[in-house]
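Structure assessment
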Amino acid sequence: MFRNQYDTDVTTWSPAGRLHQVEYAMEAVKQGSAAIGLRSKTHVVLATVNKASSELSSYQKKLFKIDNHIGIAMAGLTADGRVLSRYMRSECVTHNFVYESPLPVGRLVVQVADKAQVCTQRSWKRPYGVGLLVAGLDETGPHLYQNCPSGNYFEFHAFAIGSRSQAAKTYLERKFESFMDCSKVELVRHALHAVKESLQEEELSSANCGVAIVGIGEPFVILDSKSLQAYIDSLEEGKNDQAAKLEVEEEGNAAVIERQDISGGAGVGVGAEGEGPTDMET
Amino acid sequence: MRSWKLAKMSMVFAPRLAESAPTSHVGASWSPYDNNGGTCVAIAGADYCVIAADTRMSTGFSILTRDYSKIHHITEKCVLASSGFQADVRSLQKNLDARHQIYQHQHSKQMSCPAMAQLLSNTLYYKRFFPYYSFNVLGGLDNEGKGCVYTYDAVGSYERSGYSSQGSGQTLIMPVLDNQLKSASPLVLPPRESSTPLTESEAVDLIKDTFASAAERDIYTGDGVEIVIINKEGIRRETMALKRD
């Protein structure tokens with residue numbers, strides 16, 4: 001992206017009606033390693049690509065448990081993400097204390113979005129440089145949301161953020177219509193396939209990816225490396241079946257990933273045409 | 001807000017005015033506390049811990065309910081039993097739960113019983129000048145799997161011991177436990193451990209006997225007793241009926 005005269009301050013509009021600092025913050029999200037989320041009628045799965053800066057170091061933590069019914073995956077400045085996850089946890093604990101019931105995911109997402117918006121309208125602050133995929137369960141079922149540095153939030157059936165996320169998104173776009181009725185195992189497999197797309201040449205292993213699941217009756221849990229490796233191994237076995245299935249599905253399944261209005265909340269029909277993306281990023 | 005709190009405190013701590021002028025009123029002023037009665041007991045063993053509390057909730061000379069639980073599971077290995085003012089007890093339980101949730105996020109594990117014991121002490125002392133009217137007994141397994149019992153006063157002074165009782169029936173039960181469980185003398189060598197040599201079922205039977213006896217003479221103890229047993233297999237719960245008079 002080229003330098004503009006109007007990009008020094010987050011509180012300066014450009015003549016084209018853009019806040020460049022906010023867009024640069026979203027650029028930071030795109031530079032981070034990929035995070036993927038997808039949901040079915042009963043579960044939400046988050047998967048991350050874990051990149052270690054060198055062979056000697058361990059990778060950065062990108063999956064966080066927020067409460068028993070909510071977890072997040074992040075892409076971008078993971079330090080900012082850590083701070084946001086501490087805020088989210090504290091909000092959940094407070095809500096639980098006052099109301100003795102779990103904080104609905106949608107409400108938490110709005111609170112985070114409002115917090116992010118504040119940083120786009122103060123001259124002494126900078127926008128958060130992290131994108132969050134929030135997976136959670138509430139009375140209306142499982143949900144997957146994305147939080148942007150811009151202060152926007154969206155609900156998704158499936159989405160991917162971070163570097164090389166387009167490859168994962170293409171996979172998700174092809175398959176998302178079948179997600180609703182997937183079992184937990186099938187959903188995790190889809191997630192791992194999507195991660196594989198983002199990894200491209202690298203071999204998928206429990207060392208370079210992470211998976212977390214939350215579902216009806218199942219609290220949020222980050223899979224340990226043994227369980228994760230078991231899923232990865234099962235991918236190899238299922239490969240031959242997958243290849244056959246793919247050929248059938250490839251024909252005429254060019255649906256756009258659907259986006260649900262938060263206010264609407266009602267399930268969008270699978271067959272409906274997706275609205276054109278009008279958000280600032282991607 | 002602050003002045004309202006000070007006003008409450010001065011009402012509690014200020015000395016009663018003598019009946020001098022004809023217009024002064026004699027009688028109780030408003031108190032932020034009430035005593036809902038009840039008794040709690042805990043006994044620690046080599047690899048188990050038994051915590052029990054009666055299920056009667058009373059106010060003055062009336063019974064509010066016959067099946068109120070004074071026992072709260074804070075962690076997998078740690079259980080809190082509290083008698084006193086149940087509104088303060090409930091508030092204290094919620095406070096500890098919230099702190100424990102935060103601990104679990106930060107440390108990716110549950111709090112150990114000794115750690116929770118210290119947290120409870122700090123939480124109680126935090127309100128040193130407007131205390132939780134709560135007489136607590138904390139029981140569970142320590143990091144080595146041995147039973148532990150911690151006993152508290154209202155402002156957080158605590159001690160680990162092999163057994164304890166708190167509440168309205170405390171003075172009736174404690175001597176019985178001392179008689180059955182106390183080691184001969186602190187001067188006896190080799191020094192005896194904190195926990196008692198009873199088996200788990202013997203400890204449960206002792207608890208049942210002591211509650212039945214306390215219910216005879218203490219009017220605030222009765223209706224039923226809830227017994228929680230923690231051992232390495234997990235947490236188990238038993239109930240026993242008590243006299244309802």
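Values in this document were obtained by computation on a predicted structure and should not be read as measured data. (Residues numbered from 1 in each chain as written. Chains lettered and ligands numbered in written order. Predicted model: local features only at pLDDT ≥ 70, side-chain atom pairs only at ≥ 80, totals over all residues. Heavy atoms only, no water.)

1. Remarks on the UniProt feature "domain: Proteasome alpha-type subunits" (unreviewed entry) in chain A
- This chain's UniProt record puts "domain: Proteasome alpha-type subunits" (unreviewed entry) on residues 6-28 of chain A.
- End-to-end, the C-alpha atoms of residues 6-28 of chain A are 19 Å apart, and along that stretch the chain is 39% helix and 0% strand. (UniProt positions renumbered as here; feature names shortened; annotations may be inferred. Helix = DSSP H or I, 4+ residues; strand = E, 2+ residues; numbered from the N terminus.)

2. A word on the pairing of strand β5 (residues 130-138) of chain A
All names here are of chain A.
- Of all 9 residues in β5, 8 are buried, a share of seventy percent or more.
- Of the strand pairs in this sheet, strand β4 (residues 70-76) and β5 are connected by 7 bridges, and their pairing is antiparallel. Opposite Ile72, over in β5, you have Val134 as the bridge partner.
- Alignment of β5 against strand β6 (residues 141-147), held across 7 bridges, turns out to be antiparallel. Of the residues in β6, the one forming a bridge with Leu137 is Pro142. (Buried < 20%, exposed > 50% of the residue type's maximum accessible area, 1.4 Å probe, protein only. Pairing = 2+ DSSP bridges.)

3. Looking at helix α4 (residues 170-181) of chain B
Residue and element names in this part refer to chain B.
- Between its terminal C-alpha atoms α4 stretches 15 Å, which fits the 16 Å expected from 12 residues at 1.5 Å a residue.
- Among the residues of α4, those classed as buried are Ile173, Leu177 and Leu181. Along the axis of α4, the buried residues cluster in a sector spanning 40°; they form a single face. Turned more than 90 degrees away from the buried face of α4, the exposed residues are Thr171 and Asn179.
- On its buried face, α4 sits against β1 (39-44), β10 (163-167) and α5 (200-217). (Expected span 1.5 Å × (residues − 1). Arc of directions from axis to C-beta. Contact = heavy atoms within 4.5 Å.)

4. Comments concerning the confidence of the model for chain B
- Overall, the predicted model of chain B reaches an average pLDDT of 89, with 84% of residues at or above 70.
- Mean pLDDT in chain B bottoms out at helix α1 (residues 2-13) of chain B, which sits at 53, and peaks at helix α3 (residues 113-126) of chain B, which reaches 98. (pLDDT = per-residue confidence, 0-100.)

5. So, the sheet that holds strand β6 (residues 78-84) of chain B
All names here are of chain B.
- Strand order across the open sheet formed by 5 strands is β5-β6-β7-β8-β9, with antiparallel pairing between neighbours. Sheet topology places β5 (71-75) and β9 (158-161) at the edges, where each strand pairs with a single neighbour. The average undirected angle you get between the axes of adjacent strands in this sheet is 25°.
- By the bridge criterion, 5 bridges tie strand β7 (residues 134-141) to strand β8 (residues 147-152) in an arrangement that is antiparallel. Bridge pairing in β8 links Gly139 to Val149. (Axes fitted to C-alpha atoms, helices over the stretch in contact; angles between N-to-C directions.)

6. Quick notes on the interface of chain A and chain B
- In this complex, chain A contributes 9 residues to the contact, which on the side of chain B involves 7 residues.
- Roughly 730 Å² of surface becomes buried between chain A and chain B when both sides are summed, with 54% attributable to carbon and sulfur atoms.
- Linking chain A with chain B are 2 salt bridges, by the criterion used here.
- Applying the counting criterion to the chain A and chain B interface returns 4 residue pairs in polar contact (both at pLDDT 80 or more).
- For the side of chain A that touches chain B, the secondary structure elements donating two or more residues are β3 (63-67) and α2 (78-99) of chain A. (Buried area = accessible area lost by both parts, 1.4 Å probe. Salt bridge = Lys/Arg side-chain N within 4 Å of Asp/Glu carboxyl O. Polar contact = N/O pair within 3.5 Å; in protein donor to acceptor, adjacent residues only side chain to side chain.)

7. Observations concerning the packing of aromatic side chains
- Across all of its chains, the model carries 8 aromatic pairs over all chains by this definition.
- A ring pair is formed by B:Tyr133 and B:Phe135, whose centres lie 5.4 Å apart and whose planes are at 75°; its orientation type is edge-to-face.
- When the ring of B:Tyr150 is compared with that of B:Tyr158, the centres are 5.9 Å apart and the planes differ by 45°; the resulting orientation is tilted.
- Note on B:Tyr150: relative accessible area 6%, which makes it buried.
- These aromatic residues form a ring-pair network of at least three members: B:Tyr33, B:Phe85, B:Phe130, B:Tyr133 and B:Phe135.
- It is A:Lys115 that lies over the ring of A:Tyr87; its NZ or CZ is 4.6 Å from the centre. (Phe/Tyr/Trp six-rings, centres within 6.5 Å; stacked < 30°, edge-to-face > 60°. Lys NZ or Arg CZ within 6 Å of the ring centre and 35° of its normal.)

8. A closer look at a nonpolar patch on the surface
- Taken together, the side chains of A:Phe97, A:Val98 and A:Tyr99 present a nonpolar region at the surface, about 310 Å² in accessible area.
- Turning to its location among the elements, A:Phe97 is positioned in helix α2. (Patch = residues over 30% accessible without salt bridge, like charges linked within 9 Å, V, L, I, M, F, W, Y side chains within 5 Å. Areas by Shrake-Rupley, 256 points an atom, 1.4 Å probe, with all protein chains shown as cover.)

9. Some details on helix α2 (residues 86-107) of chain B
Residue and element names in this part refer to chain B.
- Here α2 is 22 residues long and its end C-alpha atoms lie 31 Å apart, about the 32 Å a rise of 1.5 Å per residue gives.
- Three or more residues of α2 are buried, namely Gln86, Asp88, Val89, Leu92, Gln93, Lys94, Leu96, Ala98, His100, Tyr103 and His105.
- Positive phi appears at Ser108, one or two residues downstream of α2, with a value of about 55°.

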